[in-house]
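Breakdown of the fold
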Amino acid sequence: GTVGVEENPLFSMDMNVYPNPTNANEGINIDYHANGEAVEFQLMDIQGKVLTTETNNTVNAAVTHKLSLNNQLATGVYYLKIKQGDFNVTKKVVIL
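Residues numbered from 1 in each chain as written. Predicted model: local features only at pLDDT ≥ 70, side-chain atom pairs only at ≥ 80, totals over all residues. Heavy atoms only, no water.

1. Here we look at the side chain of Asn56
Tracing the chain through its elements places Asn56 in strand β4 (residues 50–56). Asn56 sits in the buried class, given a relative accessible area of 12%. Polar contacts involving the side chain of Asn56 include one to the side chain of His65, which spans 3.0 Å. Apart from the residues lying within four places of it in its own chain, the contact partners of Asn56 are Tyr32, Ala38, Val39, Phe41, Val63 and His65. (Helix = DSSP H or I, 4+ residues; strand = E, 2+ residues; numbered from the N terminus. Buried < 20%, exposed > 50% of the residue type's maximum accessible area, 1.4 Å probe, protein only. Polar contact = N/O pair within 3.5 Å; in protein donor to acceptor, adjacent residues only side chain to side chain. Contact = heavy atoms within 4.5 Å.)

2. Observations concerning the side chain of Asp45
Tracing the backbone through its elements, the reader meets Asp45 in the loop between β3 (39–44) and β4. Put simply, Asp45 is tucked away with no salt bridge, and the nearest opposite charge, on Lys49, sits 5.6 Å away. In this structure the side chain of Asp45 is engaged in a polar contact, spanning 3.0 Å, whose partner is the backbone nitrogen of Gln47. Apart from residues lying up to four places away in sequence, Asp45 is in contact with Leu51, Tyr78 and Tyr79. (Lys, Arg positive; Asp, Glu negative; His and termini not counted. Salt bridge = Lys/Arg side-chain N within 4 Å of Asp/Glu carboxyl O.)

3. A look at the sheet that holds strand β1 (residues 16–18)
Spatial ordering of the open sheet is given by β1-β2-β5, a layout of three strands whose pairing is antiparallel. Each end of this open sheet is capped by a strand with a single partner; those strands are β1 and β5 (61–67). When strand polarity is set aside, the average angle formed by the axes of neighbouring strands in this sheet is 20°. (Pairing = 2+ DSSP bridges. Axes fitted to C-alpha atoms, helices over the stretch in contact; angles between N-to-C directions.)

4. Comments concerning the pairing of β4
Two elements, β3 and β4, share six bridges in a ladder whose sense is antiparallel. The partner of Leu43 across the bridge, within β4, is Thr52.

Here it is in structure tokens:
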């Protein structure tokens, strides 16, 4: 038989996370193409603790999502997990 491989829609998106590095007052913009399902954004610290979660329900369109950062975040490395359905991708974010 034929084995099918389901394509990860997040990797097929032309995704851009900027500015990076950023500062806690500025926030992060995520450009992507929403292709059928809501997209969830989780900002995590280096230990994997989720600090904030936001969802964008726009579908079938080019989207720029503005992720607000907590002004109390310390300078350092954080991880932005971007999830859509069963798929996810993680990007490193540096806060100055």
